[in-house]
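Descriptive structure summary
The residues making up each chain are set out below.
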Amino acid sequence: MNARKWLMLTLLIALLSVSAAAAQENVVVRWWHITTTPAEFPVHMEQVANDFMAANPNVTIEITSLENEAFKERLATVMQAGDPPDLFQSWGGGVLWNYASAGLLRDITPELTADGGAWQNSFSAQAALNLFKYQDGYYGAPWNFGAVGFWYNTELFEQAGITELPATWDEFLGVVQQLKDAGITPIALGQKDKWPGHFWWVYLAIRTGGQATFEAAYTRQGSFADAPFVQAGELLNQLIALEPFQEGFLGQTYGDEAAAVGNGTAAMELMGQWAPGVQRGNSTSGEGIGDKLAWFPFPAVEGGLGTPSDVLGGGDGIAVGVNAPDAAIDFLKYFTSAEVQATHVEVMGTLPTVAEAEASVTDPLMQTILGFRNNASYYQSYYDQFLPPAVAQAVLDGVDGLFNGVLTPEDVAQSIEDVASMEL
């Protein structure tokens with residue numbers, strides 16, 4: 001081989017070596033999540049990351065696990081600085097859309113639609129995936145999606161002589177009174193965090209106004225001061241007047257709420273599909289109330305425009321920061337695969353978002369919620385996540401004013417509308 005050919009071969013080998021090294025270049029993916037309780041949940045998240053890193057030795061997943069409220073505060077800070085994590089907890093909707101419009105998120109549509117849209121089409125809960133869509137792009141994906149409903153203690157219901165679950169709001173108020181008459185705290189609520197209380201007002205607005213009323217207000221064809229939103233506050237006031245919550249609920253957190261149900265000191269809470277695990281994690285025993293726990297959907301409002309099959313819900317997703325490396329997308333795809341979602345179900349009791357993993361849901365209560373979610377005639381995501389941040393905060397503050405007795409139902413609706421008129 002002459003010198004010229006030898007030189008060309010040497011250069012080619014060097015070029016291939018550089019390319020191979022580049023392909024295996026060490027990559028760090030920053031991932032923030034809020035799965036902090038019970039103890040096995042963050043351990044499971046770490047295991048999923050470790051499994052991925054074992055298969056991808058050049059990738060390091062740096063995990064930051066934060067409590068819900070601390071996460072929101074810290075995320076707002078890094079977003080203002082223009083330095084989002086590569087992957088982070090998201091509920092989709094208006095908050096995510098604001099980040100996307102500000103150029104703080106990475107569009108993962110090319111990856112979702114690759115190979116004939118295999119990843120995109122794997123999601124059985126397309127409504128959940130669409131919460132991560134802004135205009136023509138997708139900026140994250142859901143991995144746990146369910147429905148808000150009532151988690152209740154069957155033993156305490158039996159002690160109060162309750163033999164039938166309430167199908168209407170009036171029947172529900174009757175159940176609350178029966179529990180009070182039996183000396184049982186009917187409802188646990190951690191109103192210090194505000195978001196648990198807003199579930200009540202939003203569900204009542206769904207029942208009184210239905211899909212059309214919300215969409216009219218959101219698109220500015222209507223108003224958040226319209227009659228169904230005022231009526232939601234009036235109905236909630238009926239409940240508040242019964243004083244159904246544990247002592248000190250206005251200054252207590254969601255963790256306190258979950259502990260009250262998990263310790264058997266309150267009969268029920270209105271909460272999402274994650275409630276059993278959080279109840280266990282916050283209970284004194286670490287076990288919750290076991291097989292005494294059951295579930296029923298939010299009751300109908302007679303004469304309301306909504307239907308009993310309309311669902312308030314949502315769940316957990318992962319959004320992608322604008323500077324996320326390709327490895328972050330690979331991890332998200334792995335995290336939402338049927339195989340990994342099945343492990344989420346087994347360890348965490350979550351409700352999967354991909355069709356192939358739904359067979360792994362064997363818990364009867366979760367099967368009930370899964371059916372309720374999949375058969376919803378109208379699916380509304382939490383207002384505090386779906387609406388733009390300023391409007392969401394107006395909802396949280398307005399409803400909190402109702403619980404504190406400083407705002408009327410009309411005040412609440414108008415305060416939300418005042419902000420919505422400027423933000424939407």
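Before any of the text, the structure's been laid out above.
What comes next concerns the included structure. (Residues numbered from 1 in each chain as written. Predicted model: local features only at pLDDT ≥ 70, side-chain atom pairs only at ≥ 80, totals over all residues. Heavy atoms only, no water.)

**Topic: the overall build of the protein**
- When helices and strands are tallied, the protein shows 18 helices and twelve strands.
- Rg of the C-alpha trace for the protein: 24 Å, near the compact-globule value of 22 Å for 424 residues, within the 12% margin.
- Principal-axis analysis of the C-alpha atoms places the extent of the protein at approximately 100 × 50 × 35 Å.
- Classification of the 424 residues of the protein by burial places 54% in the buried group.
- The contacts of the protein with a sequence gap of at least 6 include a subset with a gap of at least 24, amounting to 76%.
- Of the accessible surface of the protein, which amounts to about 17,700 Å², a share of 52% is contributed by carbon and sulfur atoms. (Helix = DSSP H or I, 4+ residues; strand = E, 2+ residues; numbered from the N terminus. Rg over C-alpha atoms; globule rule 2.2 N^0.38 Å. Buried < 20%, exposed > 50% of the residue type's maximum accessible area, 1.4 Å probe, protein only. Contact = heavy atoms within 4.5 Å. Areas by Shrake-Rupley, 256 points an atom, 1.4 Å probe, with all protein chains shown as cover.)

**Focus: the nonpolar core**
- Core analysis: the biggest nonpolar cluster contains 105 residues, and F172, W200, W201 and M268 have the highest contact counts within it.
- Here this core gets eleven residues from one element, more than from any other, and that element is helix α9 (residues 195-218).
- Residues within four places of W200 in sequence aside, it is in contact with F150, W169, F172, I187, L189, L236, L239, L270, F298 and F403.
- One finds A324, A327, F331 and V340 within the second-largest nonpolar core, a separate group that totals 33 residues. (Core = buried A, V, L, I, M, F, W, Y, C linked by side-chain atoms within 4.5 Å.)

**Some details on the packing of aromatic side chains**
- The tally for this structure, following the rule as stated, stands at 39 aromatic pairs.
- Here the aromatic rings of F88 and Y99 are separated by 6.5 Å at their centres, their planes lie at 75°, and the arrangement is edge-to-face. Of this pair, F88 sits in strand β3 (residues 87-90) while Y99 is found in helix α4 (residues 93-101), placing the two residues eleven residues apart along the sequence. Judged on exposure class, the residue F88 and its partner Y99 are both buried.
- Three or more aromatic residues link up through ring pairs in this structure, and these residues are F150, Y152, F157, W169, F172, W200, Y203, F245, F249, F296, F298 and F403.
- Here the basic side chain of K72 rests over the ring of W91, its NZ or CZ set 5.5 Å away from the ring centre.
- The ring of W32 carries R74 above its face, with NZ or CZ at 4.8 Å from the centroid. (Phe/Tyr/Trp six-rings, centres within 6.5 Å; stacked < 30°, edge-to-face > 60°. Lys NZ or Arg CZ within 6 Å of the ring centre and 35° of its normal.)

**Comments concerning the sheet that holds strand β9 (residues 266-271)**
- Spatially, four strands are ordered β8-β9-β7-β10 in an open sheet, and the strand pairing comes out mixed. Sheet topology places β8 (185-187) and β10 (293-296) at the edges, where each strand pairs with a single neighbour. Direction aside, neighbouring strands of the sheet carry axes that sit 20° apart on average.
- In terms of strand pairing, strand β7 (residues 149-153) meets β10 through four bridges, oriented antiparallel. The partner of W151 across the bridge, within β10, is W295. (Pairing = 2+ DSSP bridges. Axes fitted to C-alpha atoms, helices over the stretch in contact; angles between N-to-C directions.)

**What to know about the pattern of salt bridges**
- Scanning all chains against the criterion turns up nine salt bridges.
- Across the pair D326 and R106 runs a salt bridge, and its minimum N-O distance is 2.8 Å. Of this pair, D326 sits in helix α13 (residues 326-335) while R106 sits in the loop between α4 and α5 (109-121), and the two are 220 residues apart along the sequence.
- E155 is the partner of K292 in a salt bridge, and the nearest nitrogen-oxygen pair spans 3.2 Å. Here K292, found in the loop between α12 (275-282) and β10, pairs with E155, found in helix α7 (residues 154-159); they are 137 residues apart in sequence, far enough to count as distant.
- Under the relative-accessibility criterion, K292 is labelled partly exposed at 32%.
- A residue is classified by how much of its surface remains accessible, and E155, at 35% relative accessible area, is partly exposed. (Salt bridge = Lys/Arg side-chain N within 4 Å of Asp/Glu carboxyl O.)

**Here's the deal with the pairing of β9**
- With six of its six residues buried, β9 lies for the most part within the structure.
- Sheet topology places β7 next to β9; four bridges connect them, and they run antiparallel. Across the sheet, the residue bridging to W151 is E269, located in β9.
- Pairing geometry for β8 and β9, over two bridges, is parallel. Across the sheet, the residue bridging to T185 is A266, located in β9.

Function-wise, these values are silent; they only describe arrangement.
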